[in-house]
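Remarks on the overall topology
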Amino acid sequence: RLTSDNKETREAAAKLWTTWEMSTSYLEPNFARINQGDDPKFAAAFARIETHFFVNLAWLPTPNYILENVDTIRHIPTFFTHGRYDVVCPFKSA
């Protein structure tokens, strides 16, 4: 709906996306950020940029590119650090 020909549909979708993202990005509600969803220009830009990244697979050639090529970096000591309250990027997606 972010690419709808209907302006009202686009704005509603952008507001929902931005409000959801800002509501889940902080442990405690940050109303200044959440309310940014009420600004149609901000919400449209924010939602379109984020979804453009996802739709284009973060510009990786395949959805599992990193896992498919893990042997090239396996020798690098690596640790995952994850916040227990992170609902935007759950650890199982890391």
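Further up the page is the structure itself.
A brief look at the structure comes next.

The rules we used
- Residues numbered from 1 in each chain as written.
- Predicted model: local features only at pLDDT ≥ 70, side-chain atom pairs only at ≥ 80, totals over all residues.
- Heavy atoms only, no water.
- Patch = residues over 30% accessible without salt bridge, like charges linked within 9 Å, V, L, I, M, F, W, Y side chains within 5 Å.
- Areas by Shrake-Rupley, 256 points an atom, 1.4 Å probe, with all protein chains shown as cover.
- Salt bridge = Lys/Arg side-chain N within 4 Å of Asp/Glu carboxyl O.
- Helix = DSSP H or I, 4+ residues; strand = E, 2+ residues; numbered from the N terminus.
- Buried < 20%, exposed > 50% of the residue type's maximum accessible area, 1.4 Å probe, protein only.
- Core = buried A, V, L, I, M, F, W, Y, C linked by side-chain atoms within 4.5 Å.
- Contact = heavy atoms within 4.5 Å.
- Expected span 1.5 Å × (residues − 1).
- Polar contact = N/O pair within 3.5 Å; in protein donor to acceptor, adjacent residues only side chain to side chain.

Among the surface-exposed residues, Leu60, Tyr65, Ile66, Ile73 and Ile76 lie close enough to one another that they form a single nonpolar patch of about 420 Å² accessible area. One can find leucine 60 in the loop between helix H3 (40-55) and helix H4 (65-68). Residue classification places leucine 60 among the partly exposed positions, given a relative accessible area of 30%.

Turning to the nonpolar core, a few remarks are in order. Core analysis: the biggest nonpolar cluster contains 5 residues, these being Leu2, Ala13, Ala14, Ala43 and Ala47. Only helix H1 (7-24) and H3 provide two or more residues apiece to this core. Apart from residues lying up to four places away in sequence, alanine 13 is in contact with Arg1 and Leu2.

Moving on, we get to H1. Helix length check: H1, at 18 residues, gives a terminal C-alpha distance of 26 Å against a target of 26 Å (1.5 Å per residue), a fit within 8%. For H1, every residue scored as buried is listed here: Ala13, Ala14, Thr18, Glu21, Met22 and Thr24. Structurally, H1 contributes buried residues whose contacts are with helix H2 (31-34) and H3. At the N-terminal boundary of H1, the capping side chain belongs to asparagine 6, with an oxygen 2.9 Å from the backbone nitrogen of glutamate 8.

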